[in-house]
There are 6 protein chains.
Amino acid sequence: MNAILTIGELLLRLTPPCGVRLTDAENFSVRFGGSEANVATALSGFGEKSRFVTALPEGELGQAAENSLRRCGVDTRFCVRAKGRMGLYYYEQGASLRAGRVIYDRAGSVFAQTPVSAYPLAEALEGVRHLHLSGITPALGSYAAALCLLALKEAKSRGCSTSFDLNYRADLWSEEEAKKAFGALFPFVDLCIASSDGLGILGLSPAGTDPAACRAAAKEIKERYGFRAAALTVRESVSASLNRLSGVLYGEEAYFSPVFTVDIADRVGGGDAFAAGLLHALLRGAAGGEAIAFAAAANAYKHTLYGDNFCVPAEEIDAVLRGDTRLRR
Amino acid sequence: MNAILTIGELLLRLTPPCGVRLTDAENFSVRFGGSEANVATALSGFGEKSRFVTALPEGELGQAAENSLRRCGVDTRFCVRAKGRMGLYYYEQGASLRAGRVIYDRAGSVFAQTPVSAYPLAEALEGVRHLHLSGITPALGSYAAALCLLALKEAKSRGCSTSFDLNYRADLWSEEEAKKAFGALFPFVDLCIASSDGLGILGLSPAGTDPAACRAAAKEIKERYGFRAAALTVRESVSASLNRLSGVLYGEEAYFSPVFTVDIADRVGGGDAFAAGLLHALLRGAAGGEAIAFAAAANAYKHTLYGDNFCVPAEEIDAVLRGDTRLRR
Amino acid sequence: MNAILTIGELLLRLTPPCGVRLTDAENFSVRFGGSEANVATALSGFGEKSRFVTALPEGELGQAAENSLRRCGVDTRFCVRAKGRMGLYYYEQGASLRAGRVIYDRAGSVFAQTPVSAYPLAEALEGVRHLHLSGITPALGSYAAALCLLALKEAKSRGCSTSFDLNYRADLWSEEEAKKAFGALFPFVDLCIASSDGLGILGLSPAGTDPAACRAAAKEIKERYGFRAAALTVRESVSASLNRLSGVLYGEEAYFSPVFTVDIADRVGGGDAFAAGLLHALLRGAAGGEAIAFAAAANAYKHTLYGDNFCVPAEEIDAVLRGDTRLRR
Amino acid sequence: MNAILTIGELLLRLTPPCGVRLTDAENFSVRFGGSEANVATALSGFGEKSRFVTALPEGELGQAAENSLRRCGVDTRFCVRAKGRMGLYYYEQGASLRAGRVIYDRAGSVFAQTPVSAYPLAEALEGVRHLHLSGITPALGSYAAALCLLALKEAKSRGCSTSFDLNYRADLWSEEEAKKAFGALFPFVDLCIASSDGLGILGLSPAGTDPAACRAAAKEIKERYGFRAAALTVRESVSASLNRLSGVLYGEEAYFSPVFTVDIADRVGGGDAFAAGLLHALLRGAAGGEAIAFAAAANAYKHTLYGDNFCVPAEEIDAVLRGDTRLRR
Amino acid sequence: MNAILTIGELLLRLTPPCGVRLTDAENFSVRFGGSEANVATALSGFGEKSRFVTALPEGELGQAAENSLRRCGVDTRFCVRAKGRMGLYYYEQGASLRAGRVIYDRAGSVFAQTPVSAYPLAEALEGVRHLHLSGITPALGSYAAALCLLALKEAKSRGCSTSFDLNYRADLWSEEEAKKAFGALFPFVDLCIASSDGLGILGLSPAGTDPAACRAAAKEIKERYGFRAAALTVRESVSASLNRLSGVLYGEEAYFSPVFTVDIADRVGGGDAFAAGLLHALLRGAAGGEAIAFAAAANAYKHTLYGDNFCVPAEEIDAVLRGDTRLRR
Amino acid sequence: MNAILTIGELLLRLTPPCGVRLTDAENFSVRFGGSEANVATALSGFGEKSRFVTALPEGELGQAAENSLRRCGVDTRFCVRAKGRMGLYYYEQGASLRAGRVIYDRAGSVFAQTPVSAYPLAEALEGVRHLHLSGITPALGSYAAALCLLALKEAKSRGCSTSFDLNYRADLWSEEEAKKAFGALFPFVDLCIASSDGLGILGLSPAGTDPAACRAAAKEIKERYGFRAAALTVRESVSASLNRLSGVLYGEEAYFSPVFTVDIADRVGGGDAFAAGLLHALLRGAAGGEAIAFAAAANAYKHTLYGDNFCVPAEEIDAVLRGDTRLRR
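This text gives an overview of the structure that appears in the document.

Reading the values: rules and limits
Residues numbered from 1 in each chain as written. Chains lettered and ligands numbered in written order. Predicted model: local features only at pLDDT ≥ 70, side-chain atom pairs only at ≥ 80, totals over all residues. Heavy atoms only, no water. Helix = DSSP H or I, 4+ residues; strand = E, 2+ residues; numbered from the N terminus. Rg over C-alpha atoms; globule rule 2.2 N^0.38 Å. Contact = heavy atoms within 4.5 Å. Least-squares fit on C-alpha atoms with pLDDT ≥ 70 in both. Buried < 20%, exposed > 50% of the residue type's maximum accessible area, 1.4 Å probe, protein only. Pairing = 2+ DSSP bridges. Axes fitted to C-alpha atoms, helices over the stretch in contact; angles between N-to-C directions.

**Some thoughts on the overall build of chain A**
Alright, step 1. Check the secondary structure of chain A and you find nine helices and 15 strands.
Alright, step 2. Over its C-alpha trace chain A gives a radius of gyration of 18 Å, about what one expects of a compact globule, namely 20 Å for 329 residues.
Alright, step 3. Restricting to contacts in chain A with at least 6 residues of sequence separation, those with at least 24 account for 68%.

**Focus on the relation of the copies chain E and chain C**
Alright, step 1. Expressed as a screw transformation, the operator carrying chain E onto chain C has a rotation angle of 180° and an axial translation of 0.0 Å, and the superposed copies differ by an RMSD of 0.0 Å. The superposition of one copy onto the other is thereby described by a two-fold rotation axis. Rotation axis and chain E: the residue whose C-alpha lies nearest the axis is E:Phe28, separated from it by 2.6 Å.

**Looking at the pairing of strand E12 (residues 229–239) of chain F**
Residues and elements named next belong to chain F.
Alright, step 1. In terms of residue burial, E12 counts as a mostly covered element, since eight of its 11 residues are buried.
Alright, step 2. Of the strand pairs in this sheet, strand E11 (residues 191–195) and E12 are connected by five bridges, and their pairing is parallel. Among the inter-strand pairings, Ala194 is bridged to a residue of E12, identified as Leu232.
Alright, step 3. Sheet topology places E12 next to strand E13 (residues 242–250); nine bridges connect them, and they run antiparallel. By the bridge assignment, Ala231 is partnered in E13 with Leu249.
Alright, step 4. If you look at the hairpin formed by E12 and E13, you'll find two residues sitting between the two strands.

**Re the sheet that holds strand E2 (residues 11–15) of chain D**
Alright, step 1. An order of E8(D)-E7(D)-E2(D)-E3(D)-E3(F)-E2(F)-E7(F)-E8(F) is seen for the eight strands of this open sheet, with the pairing classed as mixed. Whereas interior strands pair on both sides, the edge strands pair on one side only; in this sheet they are strand E8 (101–105) of chain D together with strand E8 (101–105) of chain F. Adjacent strand axes in the sheet meet at a mean angle of 30°, parallel and antiparallel pairs treated alike.
Alright, step 2. Alignment of strand E2 (residues 11–15) of chain F against strand E7 (residues 88–92) of chain F, held across three bridges, turns out to be parallel. Paired with F:Leu12 across the two strands is F:Leu88, which belongs to E7(F).
Alright, step 3. Across the face of the sheet, helix H2 (residues 60–70) of chain F comes into contact with strand E7 (88–92) and E8 of chain D together with strand E3 (27–33) of chain F while running at roughly 65° to E3(F).

Now the structure itself:
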């Protein structure tokens, strides 16, 4: 009874080399990622038993996607394979004063077109203590939204704790739609994670990097929706190559992480590392301050590694917290 | 009044390195190709003024696709840019006794969703002497089928000659559907190109590599539909790495090319090189035997080069015809 | 009760690009392989539940090795992690009249230094129906030899069937030593696999490619040691780039596979694909002729793919048996 | 009547990977660039109709060079092909406290050896509203110098506006020679562009990064030679990886751009992006402050992208001016 | 009588691409390095005649290792070839707040197992004016320790000057063992080099970046052991990507280098570049301040280049000392 | 008195990846080669002391060129460094029915412009027993031709034996010019090497692959010019990927090598491997049949390896002669 389950879409990610625009690419690196899958791989790295449920295309591409999770030790036995296309996205990395760019091509994917009934949800929830979802999934269509609601209900009915990362994507739906969909899910959520700049869907102003504003926002979120806790990721974009990252957790009171200044190798999946770090720490019984520090350090550390699939031992995050950057021999 | 126009879909092609399966790929090479576009680039290489009409997505990917043609000297001024997704395909190269594999992901592409009225067809046909289409396009939906019919009619009404490469793709539609669609187009076609193994859509048995059967099939096709000429590409697959390639042209009589034995570097686009070679030779007034030899040699030569975008000077095809493979200094 | 267990050493494999000698390499591709692990990944690809037991170094390299198996779906839960070095080998691919070259650097590896008691053998054998070992393992030292003997005994006592691939490596020990060690294991082996050219350790002359000699050798092996069956892999090395591969199985009578002519992309692991193909076919109840054909085809197919980790669906082997090398769309 | 014409030499550029010296390179990336060609590609990206005139070698290398411009939409119809060698340069990128290095190998190139009479100058100037040249060309020999003078005269006689980027290269000629050659061209130039550190050829002291000195220098240049405007690029080299870039334009009065701090991916072609940005803005009727800001932002943005061929939509420069470096989804 | 001899182990170095962890590597770059060999290549670059003595495995890997030195002009005639394994290490580069990682796999290497008598020490010392060793070698076993002692004695008896870089490696032995071994060698050493943070083996506290503490430590080392001079490398690790580097030399008095701030491309071998720079400067008769500046600049410059084999002309270090980072044309 | 000296030009070689034309290359591999330098590296691999004399540009490129020889153990102490450009060539590899292509760009190179007096010829000939030249050098201009004549005279006056490989390059000069230049050198040549297809400069018909014709031609060459021996390389180009290679030596009588069928990885430098193999064998006292077999096997083996710098142990050629292509473990 100790597995953590995440559910969502896994996308093929196509990325040109650094310093090359999508328009000029001769090669794409091939990775697979998705917010919830990234949380699962990161949790596995931290030593948790993680499990992922999705729908993937039959054949070689679906197999490649599943393999990318299996290699990180994620349990994929409950993934569904069906005819259809692999959702994908193109990712051009930014640098310095050039912003990065994501172009999604996920409409009509096999995940968006798989009905809830196709998933072995009951089996997938067996032995699970925690369920994590994100706000991307309900945006992917009615099937996906229904899957979220059902999974949360089932999880709560079995006594699992739950978490939800808002992850609002403006290209997928309007703030109005998101607000409504999230409202239906919130009653089944214990821990809510949001970005301090992306609170508009909750009707709140961006809290930016101001500690007081972040504290107030986290408190408001927690109390308004009755969550057991709310956490904010805080990002100051000095440039596309340099960010300052931190986090705030509000449970009974507010806990602030240190601020980590990081040169960016790949920023996609940072928020997922944050979520995984927070879950890992809290589920292991860490205190609030320790948990938010671990989460923010995981986020920062992810930024130094290429690719979505972040899967490192917890000791490496501890080294970040110690601030030790000397060569280890 | 000397340009050659081709119309069709341009696809992003994603290919793992040789000897690596799609399932195991860490990198994809990025190319753009499509039967009609390949004909346009090959014609440009041979010294023809070629022009291509398609619909491409706005933004970086559409730009990359257009650039791949512009660099080969293809006139892309009449291409349309619109919101939507880039059609694509995954191509795993075969080798020896392992067959190659193509996985299409083109449903819902911007080309499939662009209505005929969006194309500046009249302008695109100005100064054009020949129009080339292929059987892939009418398979892509009603918009695309209507575009084919309109373009052929317009071209004929302006006195252009026309050609059509059957290019039957079983994954896109049934033989029944193809037969019907082709039937509507054939009255406006002067030169018909087919594969000697893919004559089922015309209700004929595969002609394989047998000269007599090929001659009979080409004659039958020409005469049944009233084309001015019919040509067949002939492929003997010794293995996925070694093919023997030739061609047959039937105009007033039958002309056979030599048989070219070729070690395969990349076989996609071979048929398009054949079509371009045939058009180039015939439009320059070559005799039947010379024309089919040039076409088959272009096909074989294409197999020795990586990528869809085949764009080489006609002199290199002449060298193939001379059988000279010594290092040129 | 349907898993297949293999036990052995997993090695880091370092390979320069094709056409580049070890002396001149600027880059090595990084793979992990080992005869028994290769059998496990191939079985997983064919749809079997496969499990692998080994000892790996703690830290990043051991994790990388384990990940290479997990991604193929091999159950690695019973692998041991300990302090020590990762065994490795350098592999320079041959081509044409240039022979390939393997340089082993596995002495003192963590696998060689892990005592039998460190392995959770009982747990690892739970739910297992078949155990596969190879002659490399007993050559790696007394710990490894003891592990083989214990595993075979335990397996037989639990009613598992067993197989053993001679895999004699002259760089590891003498024929004399091998003969003695194998003799201790043979009483617990049901199926014995050998190379038709490597029968010296059994005191037999090389059988080469001669069917009668191969049949006689397989019969002799089976009967002399009381195996339930014996199989031979047969290789004719036309050049380092071109081989002709086949196999012979002797159960109640002799079964011969077709001969597959293959252009070689990477020949390491071919014998392991043969073993996996044979086990898969026999355990699914295939007849002798069908089984040896599947095994030989798997061997040949492996030669067309780069890397040790051969993991493809059984349908692709079926395509080889059909001799179909046309591009699949 | 809206095309912009640039004339100059196009060079093959050979660059080792980052962090590798020319002495140690195993691979060179292959690009084509040249000050005036870079201006043409950048203008095309900004939406202008740009045209380039040069002489290129016959055969594959000249074709590759021309293709690099065609893919960016530059009109190359008036380029000349002749027997001769391709000029080239080796470029080792600097980093941190290691300076970058350019080694030219352009002597005796086909461009340097092509007489003025070989160029279809009259045709090339048809429909042209602006001509841009740089100080590199007259340094390449008497043919090239004569081409500059003739082109400027012809352009002015047809009512085109003109610009000239000093681009003094100490390896090509002495300050004395440059001064004399420039003096002959200046009467036909409307807009003069220089580097604030490279004013020695005009007999002025380096203006460095001091606004007052830059303003004075630009004013002096404009007034002394009777240009309609003079612009300075301003570069502070914090290190080979970090520069601060800005610009000054003096028309009726002085306009200063913001200062852009940029991490450098590739600094070659920055000045050309500046020139293209300035021309684009001024020819579209932008005010002085807006134009110099766009020019400096284009320069900075170029530094974040690999290669000479800078070809991006004007909207991306606008994003730089807004200072928005967040990931765009 | 002007060669400089260094003796030690040469290791194969395996490094994944930047931003990729050892666990995830698909490719390793292949380099050879070792503290003393690095000093030899750097000295050769600076124009010195350098010579290196080691033991290497027979066959392709040993040849590759020797070639890596020969190409830099190091005299390898006195290297020994014997049966055995190539020592190696895995190096994962750090970045930003992620520390780099070295995993050694050198136990049982051919160098560790070659007895002193196998080396042609007398011949190797002919024509030598200076011998340089490092503290890594005596840690590699009794053979290697004996080789150090004998070489130092022989060198002194022939009138050579000598230097010794402490290079304490905690993974190889204890401080206690090192202290004892070093004590036996110190009587034969003229110049001692240490890291300001690694003085524990001498029973001193870390001197860090504090000038006074560094001066005191260098003085204490020099005087306690009777060296002619002692030098300290000083490193402030702002992050794994950014260091501030300097040095202190204590001869008759203390000399401080400037502090160089460097973005790190590859930090392995920095200390060896420091040692080579110091030896080159002192042996050419540079004054103390000049010598320590050259040494520290060489260290910093090495950090901007990929790989162990640092081999650049002395003029490039002079450019660093001038602080000139502008592009050189 | 046992070194072998070769003299000639060393060129930078730029090659796109296999299957990619020069026109489409994004990357060039960087190698250095030249007929005489290739002979020197091959001889070094075979265990000879080889020495090379040339003139190279100052700076990084000349250093890279020299390093490429030093790493193979070639003595480069007598190379000259001077201001000037590096000669180079572009090499597009052929495949199957596509011929390879070499584009030279060596006019005005530093070698062509270095006068004879600049070379330390006397020192370079000290300790030399054999001098090898090729017909490329006298084609490079009067300086280079004079260098050949002087070197041959000096060598003979010192008692060295000499060899000369005709290596006629039609792009460098006419048959008439070559004939005249060669005539001046022949009196000082002992061993003459030619291609059986390139005998036109000697006024002989191509001997092709016919043994009798080859024997007659070799005999005629030997006797007409009074050489001590003449050797012919014989190549049958089945395709650009497959050649059949052999050789004929005529001393007192004719010796024929076996015919080696080889799949080609890189054919440049094959003739140089032949020359080196022949010299190595003859200088070691091999009999005629043994020598020509070793030479032809070296030629064939070279074709299986990428790059000009062929440097392998003689044992690998012996393995080719044994026809053993099995994997060596």
